[in-house]
Amino acid sequence: MTASPNYDHKAVEERRTASWQTRTDLVAVPQEGRPKYYVLEMLPYPSGKLHMGHVRNYSIGDALARYKHMRGFNVLHPMGWDAYGLPAENAAIKNNVQPRKWTLDNIAYMKRQFQRFGFTYDWTKELATCTPEYYRWNQWLFLKMLERGLAYRKNSLVNWCPRCQTVLANEQVVDGCCWRHDDTTVEQKELEQWFFRTTAYSDQLLDDMAQLTGWPERVLAMQKNWIGKSVGARIEFAIAGSEETIMVFTTRVDTIYGATSVIVSPEHPLIKKLLDGAAWGETVLQQVQKLQARRSASAAGDTEKEGVFLGRFAINPYSGEQIPIWAANFVLMEYGTGAVMAVPAHDQRDFEFATKYRLPIRIAVQNLDNSLDAKRLDAASTEYGVLVDSGVFTGLTSEEAIRQMADYATEKGFGRKEITFRLKDWGISRQRYWGTPIPVVYCKQCGIVPVPYDQLPVILPDNVQITGLGHSPLRDAPEFFHTTCPKCKAPAERETDTMDTFVDSSWYFYRYTNPAYSELPVDPKAVNYWFPIDQYIGGIEHAILHLIYSRFFAKVMRDLGLITTNEPAARLFTQGMVIKDGAKMSKSKGNLVDPDEMVEKYGADTTRMYVLFAAPPEKDLDWNDQGVEGIYRFAGRVYRFVNRYAPDAAPAGPQTHNLDLLSAYDRAVLRKLHQTIRRVSSDFEGRWHFNTDIAALMELVNLLYSAEGKISGPVLRETMESLVLLLSPFAPYLAQDLWEQLGHTDDLLHVSWPSYDPALAKEDEFEVVVQVNGRLRSKILVTEDMPQDDLINAALADPRVSQILNGKKIIKTVVVPRKLVNIVVA
C-alpha cells in the first residue's frame, strides 16, 4: 500500500481534454459483419450555452454510447445544430448582430463545452441546419413534395403570434398561447400559406405505431390522440329560411334525435351569411368576435364554455325538428367541419353547455336498466344502449342504429359514412428571416414557378435589416426579392416566407450518416446500414411536434426512394426535466445552474455523474448542491483507493476462483463485485436506472474500504479493474486515469465490458423464522438481497403458515431483518 494523493479533478481531466478532442477512433463508417448501434440525442438549438437539461440528456446518451463501444458494437454517435430559429432574430434586434454570426459564435462555444464534457461524438458527422450544404436539401425535398401534391399553397385561417409576428402550426399552440411564450395569446389570422399534406399519411402514421414497440406508451398515446381518427357520418342540416346548409360530423349518429342545437365555431364562414341583413346581426356578430378573441385553439376543452345564439334555426334531417344555431368557443374550425350537433344527454361537453344556457336535454339512447331520466341527469350518458323516441329507429341498439342511420342518410342524400382525422396539414410558412427560403417564385405570366433543381440552393442573403415587425425581412432585400422567372425569363418575385424550423429537424438524422454526400439528401448505402436509429433520446415535449413531423418525413422519403424503413427510430427514451427550487430552470426564475461553473468547481465527471445519479432518467431531477458535493466525495474515494493499492496489487490476468478456498472477505468482495456487474449490465440493456447503478458502485467502494487490508492481491486487482470499467460510462476522465494507474495503456472504449459469474453473483441463503402471533410456525430460506415484500410473501406462501392463516384476518406483519417474520392475526 502506498500513500494516495487527493483527487484533483482539473489535473485528471485536463490531461485528456486536448487529445480526446482530436481523436479519430470515433469516426463511424459502415462495417459489414459487425453489429451496429446508432445512438442519438436530439440536436440542440445553439442558444448560447449548454444548460443542465442539455447536460443530462447528453450524459444519458453518452453513457449508452460508451457501453455499446465496450460491448463491441460499431457505434454511430453524431452531433449537430438545429441552427435556424426565432431567437437568433431576436438577438439580432437586441444586440445589433447578424443572426448568422450570433448562431455560429454560439455553435463554437457550445461545441467546446461538449468536448470539455468528454462526450464521444463523431465530429466528422457534424452539421448545422443553417448552412447551404444542409438547407439545399430542405428545398430539394420541398420541390419533390410539390411535384407530388404534398406541398401546396392556400388561403387559410392560421394561428398568429403577435409577439413573434409569425404563423404557428396547430402543434405549436399550447394552452392557447405561443409555444415560445406562455404569456402571449395566439390570434386567428387569414393568410396565404404553404402547407405540407401530412393528412395524406394519417392512416400510416396511426397504423405504423404498431411497429414502435420500443417507444413509451405515453408518447404513442399522445400521438394517437393528436392524429385523432374518428369513424362516423357526415350529416347535412338545412337552415330554416335559407339556401345555406350546415355540415356536421358525428361518431354517434344514433343520438341525433336527442340533438337540441347545432353549434358552430366562432370562425365559421357561415356566421356572416346567417347574420347578414338580420336586425340583430351586427350585435350578435360583435358578440361572436368577442368569443373568437377569447377562445383558445388548443385549450378549448379546458376553458369555460361560452356561446352566442345566432337567431337562426337548423332542421334535423331525421326528425324535421327546428333547433337553434349557436356559436361557441369549444367548437374548433380546424377540427371536423367546424360545426357539431349538440346532444346534451349523451355528450358531456354539450351537457355542460346546455345546462349553462338552459337548453333542452332529451334522452335518445336508453341504458340497459331503463333508468335514464333527462330531468335527473347530473352528467351525460355516453354509453351505447337502445334507441328511444327516435322515430323508425326506436328499439335498435346503438351499434345497429349507427349502421342503419348512416345508410339512410346516404340513401336520402343528406349524409354519408366518413372517417375523419384530428390531424391537419402542416402549415410551414413563417414570416421570418432566419430560416430556409421556400424555393418558388411568383411570375405575373406563369404564376407559381418552382426554382429548378440546378439552381438550388436558394441562398439566404446576409446583412438583411431585421425589425421583427410586420412582413418577412426578405421582402426588403431587393437583391433577393427581385428575380427572373425560370420559365419565361420575365421579372418575378421570390417567396419571402421561410420554412418552419421543424422542417430542418424532421430528417437531420438521415443526413448524419454521410453529411458530405452531394448527390441526394442522404447517402442510400449509409442510411440502409445505420437505420433505424437504435436509440433516440429527447424530451417528452417533442412527442407531438418533432416526433410526428419526423415520422411524416420518414414516409415521404421512403416513397421518394431515399430510404427503406417506415420509421426513423426503433426505440425512444424521453428524459425528465432538471428543476431547481421547485421550478424548471430558467433565467427569469433566477434558478439556473451554469454547467461551466460546475465543471470548474467539481469537474465534468462529477457533473455527469450527478445528473445521472440524482433521479431515474425518465423522472424530473430536482437539483441539490449537497448532492453534487456527495458525488464529488465519491469520486475522490474511488481515486484515492485505486491510487493507494494499484502499485501493489497482483498482476492483471484471467482469474478463476475456488469459493471454498477464498477468505470470507474475498468472497464478500467478489460477490458484491459480480452482483454489481450483473446489475449495471442489466440496466444498460433494459431499464436505464443509472441512479441505482451509481449507488451500487458506491456500495462496492464502501465494502472495499471496510475490508481494506484484508483482500487478497488477485481479488483486489480484479475488483479495482472491474470497478474502473463499470465507472467509465459515467465518469470517463476518472476511469481512464485510474485505468492507466493500474498499468494499462489502451483507451477504455476499446476494452471489453466486464462479465459476471452467476455462481459468484448468487447470494448465500440463510434461514428466517416465521411466527404467527409470536409462536414459531415455520422456517424459510431467503437470500440477502430479497426485498421485504418478497420476504413477507414467501412467509405467507409457506404451506404450514398458509394453513394456519386460512380464514383469519391479518392485522399486521413485523419483519426483523435476517431473523424473523411475525404475522399478527385476529
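Scroll up for the structure.
Conventions adopted
- Residues numbered from 1 in each chain as written.
- Predicted model: local features only at pLDDT ≥ 70, side-chain atom pairs only at ≥ 80, totals over all residues.
- Heavy atoms only, no water.
- Helix = DSSP H or I, 4+ residues; strand = E, 2+ residues; numbered from the N terminus.
- Core = buried A, V, L, I, M, F, W, Y, C linked by side-chain atoms within 4.5 Å.
- Buried < 20%, exposed > 50% of the residue type's maximum accessible area, 1.4 Å probe, protein only.
- Contact = heavy atoms within 4.5 Å.
- Salt bridge = Lys/Arg side-chain N within 4 Å of Asp/Glu carboxyl O.
- Pairing = 2+ DSSP bridges.
- Polar contact = N/O pair within 3.5 Å; in protein donor to acceptor, adjacent residues only side chain to side chain.
- Axes fitted to C-alpha atoms, helices over the stretch in contact; angles between N-to-C directions.
- Parallel < 35°, antiparallel > 145°, perpendicular 65-115°, else oblique.
- Left-handed = near helix turned anticlockwise from the far one by under 90°.
- Nonpolar A, V, L, I, M, F, W, Y, C, P; charged D, E, K, R; others polar.
- Phe/Tyr/Trp six-rings, centres within 6.5 Å; stacked < 30°, edge-to-face > 60°.
- Right-handed = clockwise from strand over helix to strand, strands pointing away.

### Describing unusual backbone geometry
Glycine aside, residues mostly have negative phi angles, and peptide bonds mostly take the trans form. In this structure, Pro457 follows Leu456 across a cis peptide bond, with omega equal to 0°. Relative to the assigned elements, Pro457 resides in the loop between strand S20 (447-450) and helix H12 (478-481). One non-glycine residue, Asp389, lies in positive phi territory at about 50°. Secondary-structure assignment places Asp389 in the loop between strand S15 (386-387) and helix H11 (398-412).

### A short note on the nonpolar core
Counting 186 residues, the largest nonpolar core has Phe142, Phe196, Tyr510, Tyr536, Phe553, Trp623 and Phe730 as the members making the most contacts within it. Residue contacts for Tyr510: discarding those within four places in its chain leaves Val522, Val527, Phe531, Ala554, Met557, Ile563 and Pro568. Ranked by size, the runner-up nonpolar core spans 40 residues in total, among them Val248, Ala259, Leu270 and Leu275.

### A closer look at the pattern of salt bridges
For the coordinates displayed, the defined rule picks out 42 salt bridges. Measuring nitrogen to oxygen at the nearest pair gives 2.8 Å for the salt bridge that ties Glu13 to Arg116. In this pair, Glu13 is assigned in helix H1 (residues 9-21) and Arg116 in helix H4 (residues 99-116), connecting sequence segments 103 residues apart. For the pair shown, Glu13 and Arg116 are each scored as buried. A salt bridge links Arg153 to Glu495; the nearest nitrogen and oxygen atoms lie 3.9 Å apart.

### Some thoughts on the sheet that holds strand S3 (residues 151-161)
What links the strands of a sheet is backbone hydrogen bonding, and the strands pair in either a parallel or an antiparallel sense. As summarised here, the arrangement of the four strands in space is S4-S3-S7-S17, forming an open sheet in which the pairing is antiparallel. The open sheet has two edge strands, strand S4 (166-168) and strand S17 (426-427), and neither has a second partner. As defined by bridge partners, S3 adjoins strand S7 (residues 187-196) across ten bridges and the pair is classed as antiparallel. Along S7, the bridge assignment pairs Tyr152 with Phe195.

### Things to note about the side chain of Thr129
Along the chain, Thr129 falls in the loop between H4 and helix H5 (132-147). A distance of 2.8 Å separates a polar side-chain atom of Thr129 from the backbone nitrogen of Ala83. Apart from the residues within four sequence positions on either side, Thr129 is in contact with Trp81, Asp82, Ala83, Tyr84, Tyr134, Tyr135 and Asp504.

### Examining the environment of Glu190
Among the secondary structure elements, Glu190 is positioned in strand S7. The spacing of Glu190 and Gly241 is 51 residues in sequence and 30 Å in space, taken between C-alpha atoms. Non-local contacts of Glu190, meaning those with residues more than four positions away in its chain, are made with Asn155, Ser156 and Leu157.

### Describing the environment of Trp20
Within the secondary structure layout, Trp20 lies in helix H1. With 95 residues separating them along the chain, Trp20 and Gln115 place their C-alpha atoms 7.8 Å apart. Excluding residues that lie within four positions of it along the chain, Trp20 makes contacts with Arg66, Gly118, Pro732, Tyr733, Gln736 and Asp747.

### Quick word on the sheet that holds strand S26 (residues 578-580)
If you walk across this open sheet you meet the three strands as S27-S26-S28, and the pairing is mixed. With partners counted over all chains shown, the strands left at the sheet margins are strand S27 (583-584) and strand S28 (621-622), one partner each. As judged from the two bridges shared by S26 and S27, these two strands associate in the antiparallel manner. In the strand pairing of S27, Ile579 is matched with Lys584.

### Here's the deal with the packing of helix H21 (residues 713-727) against helix H22 (residues 732-741)
Interhelical geometry of H21 versus H22 gives an angle of 155° and a closest axis separation of 8 Å. Classified by the interaxial angle, the pair formed by H21 and H22 is roughly antiparallel. In this structure, the crossing between H21 and H22 has a hand that is left-handed. Taking contact as the criterion, the partners of Glu721, Val724, Leu725 and Leu727 in H21 are, on H22, Leu734, Ala735, Leu738 and Trp739. Broken down by class, the residue content of the contact of H21 with H22 amounts to seven nonpolar, no polar and one charged.

### A closer look at the pairing of strand S8 (residues 229-239)
Two faces belong to every sheet, and in a regular strand the side chains alternate between them. Alignment of S8 against strand S16 (residues 415-421), held across seven bridges, turns out to be antiparallel. Opposite Ser230, over in S16, you have Thr420 as the bridge partner. Where S8 and strand S9 (residues 245-250) come together, six bridges link them in antiparallel fashion. Pairing of Ala233 across the sheet is with Thr250, part of S9. One ladder, built from two bridges, connects S8 with strand S11 (residues 307-315); its direction is antiparallel. The partner of Ala238 across the bridge, within S11, is Ile315.

### Regarding the packing of aromatic side chains
Across all of its chains, the model carries 62 aromatic pairs by this definition. The interplanar angle of 70° and the centroid separation of 6.1 Å between the aromatic rings of Phe196 and Phe553 together place this pair among those described as edge-to-face. Taken together, the positions of Phe196 in strand S7 and Phe553 in helix H15 (residues 545-559) put the pair 357 residues apart, joining distant regions of the chain. One exposure class covers both Phe196 and Phe553, and it is buried. Pairing Phe509 with Tyr510 gives two aromatic rings, centres 5.0 Å apart and planes at 65°, and the pair type is edge-to-face. Neither residue differs from the other here; Phe509 and Tyr510 are each classed as buried.

### Here we look at the pairing of strand S25 (residues 572-575)
Burial of S25 is two-sided: the residues Leu572 and Thr574 facing one way and the residues Phe573 and Gln575 facing the other way are all buried. The pairing of strand S24 (residues 535-539) with S25 spans four bridges and is classified as parallel. Across the sheet, Ile537 pairs through a bridge with Phe573, a residue of S25. Taken together, S24, H15 and S25 constitute a β-α-β crossover, and its handedness is right-handed.

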